[in-house]
Amino acid sequence: MVERWRKETHCFNFREGECTITLKDIAILTDLPIDGDVVCVDSTPPPKVVANMSGWQHFIWTVTGLCPPEKGDHDADGHPPLSKGQVSITWLTAEIRRKHNPEFGGIPLTEESSERDKEIYARIYILGMIGGVFFPKKSNNLISNSWLKIILGSWDDMGNLSWASACLAQLYRSLCNASARAAKEIDGAMFIVQFWAWEHLQWIAPKVDPDKDWGPDHPLRHEAYGCR
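Residues numbered from 1 in each chain as written. Predicted model: local features only at pLDDT ≥ 70, side-chain atom pairs only at ≥ 80, totals over all residues. Heavy atoms only, no water.

Under an unreviewed UniProt entry, the protein has the name Aminotransferase-like plant mobile domain-containing protein and belongs to Linum tenue.

1. What about unusual backbone geometry?
Look at His10: it is not a glycine, yet its phi comes out positive at around 55 degrees. By the secondary structure assignment, His10 is in the loop between β1 (5-6) and β2 (11-14). According to the relative accessible area criterion, His10 is partly exposed, its value standing at 30%. Of note, Asp31 is a non-glycine position whose phi angle comes to about 70 degrees, a positive value. With relative accessibility at 56%, the residue Asp31 sits in the exposed group. (Helix = DSSP H or I, 4+ residues; strand = E, 2+ residues; numbered from the N terminus. Buried < 20%, exposed > 50% of the residue type's maximum accessible area, 1.4 Å probe, protein only.)

2. So, the environment of Leu152
Relative to the helices and strands, Leu152 resides in the loop between α5 (147-151) and α6 (155-159). Assessed through its relative accessible area of 32%, Leu152 is described here as partly exposed. For the pair Leu152 and Arg123, spaced 29 residues apart in the sequence, the C-alpha separation amounts to 7.8 Å. Leave out the neighbours within four places in its chain, and Leu152 touches Phe59, Thr62, Val63 and Arg123. (Contact = heavy atoms within 4.5 Å.)

Here it is as structure tokens:
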């Protein structure tokens, strides 16, 4: 699919003609919202407000309740927790699990947990979805700290953004970069390309049981189309 991508037209080139992934495809496959404000990421480093923390360290602590060390430690994938304006998703998830795992002396997250703990857990989960699913980098582990400024906003502000448009724009850019002759890797939401190809190119689609019942009682009936 990448080899058939033409960055001049943002289309896949086939013998029968051209076709492309549209905003409607993104919305149906992922259920991400189309309407809303533009997703605008501010990469300006925050000012240093605490003597023993850098600006990014303090900002990450404000959002997640966790303070990544800048030097010395590495996560399970060999990446430093904080490096060059990026934070390790592996480190974040390992730390949050340790915080709520009784085996490590943590307190399990329950309905009775504080609102602060629930918000931190939810924000880290959303951050993982952004950095690991919809806007992954080639490392598939590091995420730009700039996303934290959006995650720190109110829930309404996050929900009112046009995430589908941002995902499609990132996907186009990833395909354009990967189509270059010297490119050897690709980032972006490649699962969307796979789902889209299965839906539109029947000769590569997996076989589906024609008698499959997608009635109202099916657990995936009301999920995004890509889940089916």
